[in-house]
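Remarks on the overall topology
The lines below spell out each chain.
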Protein chains: 4
Amino acid sequence: MVKIVGIAGSLRPDSYSQYALQAAAERVRALGAEVEILDLRQLNLPFCDGSDEYPDYPDVKRMRQSVLQADGVILVTPEYHGSLSGVLKNALDLMGFEHFSGKVTGLMSVLGGQSNSNALNDMRTILRWIHAWTIPEQVAIGQAWKAFDQDGNLQDENLLKRIDAFAQSLVENTQKLRGVALQAAAVV
Amino acid sequence: MVKIVGIAGSLRPDSYSQYALQAAAERVRALGAEVEILDLRQLNLPFCDGSDEYPDYPDVKRMRQSVLQADGVILVTPEYHGSLSGVLKNALDLMGFEHFSGKVTGLMSVLGGQSNSNALNDMRTILRWIHAWTIPEQVAIGQAWKAFDQDGNLQDENLLKRIDAFAQSLVENTQKLRGVALQAAAVV
Amino acid sequence: MVKIVGIAGSLRPDSYSQYALQAAAERVRALGAEVEILDLRQLNLPFCDGSDEYPDYPDVKRMRQSVLQADGVILVTPEYHGSLSGVLKNALDLMGFEHFSGKVTGLMSVLGGQSNSNALNDMRTILRWIHAWTIPEQVAIGQAWKAFDQDGNLQDENLLKRIDAFAQSLVENTQKLRGVALQAAAVV
Amino acid sequence: MVKIVGIAGSLRPDSYSQYALQAAAERVRALGAEVEILDLRQLNLPFCDGSDEYPDYPDVKRMRQSVLQADGVILVTPEYHGSLSGVLKNALDLMGFEHFSGKVTGLMSVLGGQSNSNALNDMRTILRWIHAWTIPEQVAIGQAWKAFDQDGNLQDENLLKRIDAFAQSLVENTQKLRGVALQAAAVV
């Protein structure tokens, strides 16, 4: 059974990145994969200081365990200063090769201004560094303030189609690369 | 008078990045510039959640004030997963255009394995995004465990020369681009 | 006297990159700098095969000579496949450190689709590699087919302002970094 | 049957990039895949001028046809000025989405100086742009002049192991992602 973990790199209460992750997670679930969202606003994580273990922060172990058991990971970042957020990079710094190697990842970014792919490019390089696959499909959501409605629902038809294709590719190619099946209900 | 702020993106007690920053700071001081080191291990900074102000964390204001008043900034990062550390990116996320625009920056990275310029490339793009200059000279210190001695002194002659050229360029070009003078003592 | 060379990396007869270069060159000239356009459609350049000299291609020497004598360089590229054109990269490959070191460069890109900064990011890294400065101001012209009129004049007011700021920064900072003056007429 | 095309972006007569491509091609063949080398020194290709067709250059069609029919592509570039060669980028500019979409690529670079991954990073972004997969394994060959012997054989044991792992991953994952089988002889 394909298991996907989703992490969004924004701590804002009404974060568009978290909304975008929800939208992608729904589609991935509808395709028959299991999805677990690790909400960094709920986890108590330390700044990475290069230690192997963080006994005072049990959420480090929890996050690592979830990613370790996953076949794939969705990462969504707000684009801050032309790159991924420090919050998301720090979460990745708390993990490594042993958690990501051979996993299949899908990348999304959310911007206040015009769409751009700086953060997506940087994330792709970072994930290669820890030996993960990244699907060619990626989604950058520009001018997020008008892409979502008040309840956090994505309004833009074109973006919704891109997220559909993104979810489809992530699930299909995770099956292919990892040799895992979907949930029975979804296969039917 | 040229004022330079130095920030290293590692929280390790015996961090090579902090040692490298010290080495660069000494040379910059010897050239007549004032240098202030902001040691992220001493500052109490929050994760950036997109807020403008962080009243519970006075060190945010302190860091911003120092960078605001500086003409130039030295940034040193450990290369984690082929990019800058989340710790350093988060510190940058807590600042922005208003603190960095028009400032002159110099970049260094420290790696456990072979030298590489991934983190330096990412930082250069990030700093452009907040409208800072970055000098062409940059220093990547590979296999840091053998580049420094037990007391944190850089041993490698070639790297020491690169840091000399780095400091020279940073001070000279900050003067040119910012129209500021050096301390009297140094000018003599 | 500030001397700027302009090179656009497109060979299309009605290239938007060449039009964009013209627009920037006009403004730079109006600020009192001398501008020479090296039109790659007029030059007969070989593919770089790693040789030092290309005796059968006198335009290699001509291009190198012009860049060698310049204080600054404007580079404009069409964004092909998320990076600069092979045509422009090949022209840069025919030159090197000795032509670009210490020069001040300004970067623009032209895209058929949405604006993006992939090509600009790659160029910035490449120019650092050959030890050139790149100004923080950069211009990406998205959906070029509607940004220009039939005669190749840029229509978009916002982009025109960005090109003004780009030209201003290039000329001012070339003066500062290179210690060169403008033409008398312009200074008055 | 897995078909792989190999392209190296150097025109030098004794190009290390071409030698590196040969080394990788041998291992890929030994694993049962068919490999066709497109030697850019033998092909007569024009500079890309944005045209769709190049009737005066039949090798454009030949190259496109080979890549179109391939399941995977090995790209090797000399790292020139911190990026891929203009020669290789131009060859890619002559192709596009229709030739690369869904294909599986593996990337190598060759450097005169210290190993670095600038060119590999840029190629990874470019290939994503034309919707190809790139395997996480990549090989950067630094100080190429001492990595190969006079006959172009790679001497460095560590690099040979990396090329083995690279070839293994390319063949295995091309099978998985493309749903194609190996040659009978190899399967046995």
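Okay, so let's go over this structure. (Residues numbered from 1 in each chain as written. Chains lettered and ligands numbered in written order. Predicted model: local features only at pLDDT ≥ 70, side-chain atom pairs only at ≥ 80, totals over all residues. Heavy atoms only, no water.)

All names here are of chain C. The phi dihedral of His81 is positive, around 55°, even though this residue is not glycine. Mapped onto the secondary structure, His81 falls in the loop between β3 (72-78) and α3 (86-93). The buried category is assigned to His81, whose relative accessible area is 16%. (Helix = DSSP H or I, 4+ residues; strand = E, 2+ residues; numbered from the N terminus. Buried < 20%, exposed > 50% of the residue type's maximum accessible area, 1.4 Å probe, protein only.)

With that settled, consider the interface of chain C and chain A. In this assembly, six residues from chain C lie in contact with six residues from chain A. Linking chain C with chain A are zero salt bridges. Counting across the chain C and chain A interface gives six residue pairs in polar contact (both at pLDDT 80 or more). Residues that form the side of chain C that touches chain A fall into these classes: no nonpolar, six polar and no charged. (Contact = heavy atoms within 4.5 Å. Salt bridge = Lys/Arg side-chain N within 4 Å of Asp/Glu carboxyl O. Polar contact = N/O pair within 3.5 Å; in protein donor to acceptor, adjacent residues only side chain to side chain. Nonpolar A, V, L, I, M, F, W, Y, C, P; charged D, E, K, R; others polar.)

Taken together, the 30 residues of chain B in the interface contact 30 residues of chain A. Counting the surface lost from both chain B and chain A, the interface buries some 2400 Å², and carbon and sulfur atoms represent 63% of this. The largest per-residue losses of area from chain B upon contact with chain A belong to Phe47(B), His81(B) and Trp129(B), which jointly make up 31% of the total buried on that side. For the pair chain B and chain A, the interface holds zero salt bridges. (Buried area = accessible area lost by both parts, 1.4 Å probe.)

Next up on the list: the sheet that holds strand β3 (residues 72-78) of chain A. All names here are of chain A. Read across the open sheet, the five strands follow the order β2-β1-β3-β4-β5; overall the sheet is parallel. Strand pairing shows two members of the sheet lacking a second neighbour, β2 (34-38) and β5 (133-141), which therefore form its edges. Adjacent strand axes in the sheet meet at a mean angle of 15°, parallel and antiparallel pairs treated alike. Contacts between helix α1 (residues 16-30) and the sheet are confined to β1 (3-8), β2, β3, β4 (104-110) and β5, with β3 contributing the most and set at about 155° to the helix. In the packing of helix α7 (residues 157-178) onto the sheet, the strands contacted are β1, β3, β4 and β5, and the crossing angle to β5 comes to about 170°. (Pairing = 2+ DSSP bridges. Axes fitted to C-alpha atoms, helices over the stretch in contact; angles between N-to-C directions.)

Summed over all chains, the structure comprises zero disulfides over all chains. Cys48(A) takes part in no disulfide bond, and the closest cysteine sulfur to it belongs to Cys48(B), at a distance of 18 Å. (Disulfide = S-S within 2.5 Å.)

It is worth spelling out helix α1 (residues 16-30) of chain C at this point. All names here are of chain C. For α1, spanning 15 residues, the distance from its first C-alpha to its last is 21 Å, which sits close to the expected 21 Å at 1.5 Å a residue. Three or more residues of α1 are buried, namely Ser17, Gln18, Ala20, Leu21, Ala23, Ala24, Ala25 and Val28. The inward-facing, buried residues of α1 abut β1 (3-8), β2 (34-38), β3, β4 (104-110), β5 (133-141) and α7 (157-178). Sitting at the amino-terminal end of α1 is Ser15, which places a side-chain oxygen 3.1 Å from the backbone nitrogen of Ser17. (Expected span 1.5 Å × (residues − 1).)

We now examine the relation of the copies chain C and chain A. Of the transformation placing chain C onto chain A, the axial shift is 0.0 Å and the rotation is 180°, giving an RMSD of 0.0 Å. Such a combination of rotation and displacement between the chain copies is what one expects of a two-fold axis. By C-alpha distance to the rotation axis, the residue of chain C lying nearest is Asn116(C), at 2.5 Å. Interface overlap between copies is the fraction of interface residues in one copy that are interface residues in the other; for chain C against chain A it reaches 100%, indicating a shared surface. (Least-squares fit on C-alpha atoms with pLDDT ≥ 70 in both.)

Glancing now at the pattern of salt bridges. Two side chains bearing opposite charge may form a pair once their charged atoms approach each other closely. Applying the stated criterion to the full structure yields 24 salt bridges over all chains. When the shortest N-O distance is used, the salt bridge between Arg41(A) and Asp39(A) registers 3.0 Å.

At an RMSD of 0.0 Å, chain B and chain A line up after a rotation of 180° and a shift of 0.0 Å along the axis. When the interface residues of chain B are mapped onto chain A, 100% of them are again interface residues, pointing to one common binding face.

Moving on: the side chain of Ser83(A). As for its placement among the helices and strands, Ser83(A) is situated in the loop between β3 and α3 (86-93). Assessed through its relative accessible area of 1%, Ser83(A) is described here as buried. Among residues more than four places away in sequence, those in contact with Ser83(A) are Pro78(A), Ala119(A), Asp122(A), Lys89(B) and Ile126(B).

Moving on to the sheet that holds β1(C). In any sheet, the strands associate via hydrogen bonds between backbone groups, in a parallel or an antiparallel arrangement. Residues and elements named next belong to chain C. Strand order in the open sheet formed by five strands is β2-β1-β3-β4-β5, with parallel pairing between adjacent strands. Both edges of this open sheet fall to β2 and β5, since each of them pairs with a single strand only. Sheet twist, expressed as the mean angle between neighbouring strand axes with direction ignored, is 15°. Here five bridges tie β1 to β2, and the two strands are oriented parallel to one another. Counterpart to Ile7 in the pairing with β2 is Leu38. Most of the contacts of α1 go to β3, to which it runs at about 155°, and overall it touches β1, β2, β3, β4 and β5. Of the strands in this sheet, β3, β4 and β5 touch helix α5 (residues 118-129), which is tilted by about 155° from β4.

Here Gly142(C) shows up in the loop between β5 and α6 (144-147). Excluding its chain neighbours within four sequence positions, the residues that come into contact with Gly142(C) are Leu111(C), Gly113(C), Gln114(C), Ser115(C) and Ala147(C).

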